[in-house]
Amino acid sequence: NAGVTQTPKFQVLKTGQSMTLQCAQDMNHEYMSWYRQDPGMGLRLIHYSVGAGITDQGEVPNGYNVSRSTTEDFPLRLLSAAPSQTSVYFCASRSTGANQPQHFGDGTRLSIL
Amino acid sequence: SQKIEQNSEALNIQEGKTATLTCNYTNYSPAYLQWYRQDPGRGPVFLLLIRENEKEKRKERLKVTFDTTLKQSLFHITASQPADSATYLCALDVYNQGGKLIFGQGTELSVKP
């Protein structure tokens, strides 16, 4: 059972570069989310999606774009990387049923120099 | 403003004792509350869920309480073991928020043998 798969696991970028963090889930979950985790800040919601073609902003969306063309995939794009975006990024998915738990990937550790 | 707060300091206890972690929230009306465990370098893993109309939930050595009047949840681990050492996160699901889960910053628990 793959669950939620994130790639890459580690990445170093220079300021101004762009990149896409990949997230795929094989549980046919409608809901998918992206979080960033920084020391002392907990998990902060960046963007989320309630189904293919539908996305919305979370708490800290600036500097990030998302799209959801399929149920399985939910990529996160950094358009012009900044040092403030150095963080650990987690993708998560869950079923639309009431009270469903969130399933997380193991994260992408991103450093912006 | 809306806020979720967990014990900010790490919790150190002796093996065999009961660990109690706190999650307080303000300006939310959560439908339910979830608790997750996170080990270093890994994504959070779901542990327990409690609904707004439930006072207490148990699973093996874990117990969660939910007091919507105090706006607080307590998470207990009885007969704690060194393997319970991890960071524990609480998360709220708020009505009509499109499946968004909002997380606290987490409490690091260390159980000494």
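Calculation notes
Residues numbered from 1 in each chain as written. Chains lettered and ligands numbered in written order. Predicted model: local features only at pLDDT ≥ 70, side-chain atom pairs only at ≥ 80, totals over all residues. Heavy atoms only, no water. Helix = DSSP H or I, 4+ residues; strand = E, 2+ residues; numbered from the N terminus. Rg over C-alpha atoms; globule rule 2.2 N^0.38 Å. Buried < 20%, exposed > 50% of the residue type's maximum accessible area, 1.4 Å probe, protein only. Lys, Arg positive; Asp, Glu negative; His and termini not counted. Charge placed at Lys NZ, Arg CZ, Asp CG, Glu CD. Contact = heavy atoms within 4.5 Å. Buried area = accessible area lost by both parts, 1.4 Å probe. Salt bridge = Lys/Arg side-chain N within 4 Å of Asp/Glu carboxyl O. Polar contact = N/O pair within 3.5 Å; in protein donor to acceptor, adjacent residues only side chain to side chain. Nonpolar A, V, L, I, M, F, W, Y, C, P; charged D, E, K, R; others polar. Disulfide = S-S within 2.5 Å.

**Quick notes on the overall build of chain A**
When helices and strands are tallied, chain A shows zero helices and 11 strands. Reading chain A from its N terminus to its C terminus gives the helix and strand order β-β-β-β-β-β-β-β-β-β-β. Taken over the C-alpha trace, chain A has a radius of gyration of 13 Å; the compact-globule value for 113 residues is 13 Å, and the two agree within 12%. By principal-axis analysis of the C-alpha atoms, chain A measures approximately 40 × 30 × 25 Å. With 113 residues in all, chain A has 48% of them scored as buried. Each charge sign in chain A was given a centre, from 8 positive and 8 negative side chains, and these centres are 9 Å apart.

**Observations concerning the side chain of B:T22**
Residue and element names in this part refer to chain B. Along the chain, the position of T22 falls in strand β3 (residues 19–26). Classification of T22 by relative accessible area gives buried; the value is 19%. In this structure, T22 is in contact with E5, Q6, N7, W35, Q72, S73 and L74, ignoring residues within four places of it in sequence.

**Re the interface of chain B and chain A**
Contact residues are listed per partner, giving 21 residues for chain B and 20 residues for chain A. Of all residues in chain B, B:P44, B:K100 and B:F103 give up the largest surface area on contact with chain A, accounting jointly for 25% of the area buried on that side. Between B:R42 and A:D106 there is a salt bridge whose closest N-O contact spans 3.1 Å. At the junction of chain B with chain A, the criterion picks out eight residue pairs in polar contact (both at pLDDT 80 or more). In terms of residue class, the side of chain B that touches chain A is built from eight nonpolar, nine polar and four charged.

**Details of the environment of B:P40**
Residue and element names in this part refer to chain B. Residue position: P40 is located in the loop between β4 (30–38) and β5 (45–51). Judged by relative accessible area, P40 falls into the exposed class, the value being 77%. P40 sits 45 residues away from S85 along the chain, and the two C-alpha atoms are 10 Å apart.

**Comments concerning the state of the cysteines**
All names here are of chain B. As enumerated under the stated definition, the model contains two disulfides over all chains in all. For C23, the disulfide goes to C90, at an S-S distance of 2.0 Å. Between C23 and C90, the disulfide has an S-S torsion of 70 degrees and is therefore right-handed. With C23 in strand β3 and C90 in strand β9 (residues 86–94), this residue pair connects regions lying 67 residues apart in the sequence.

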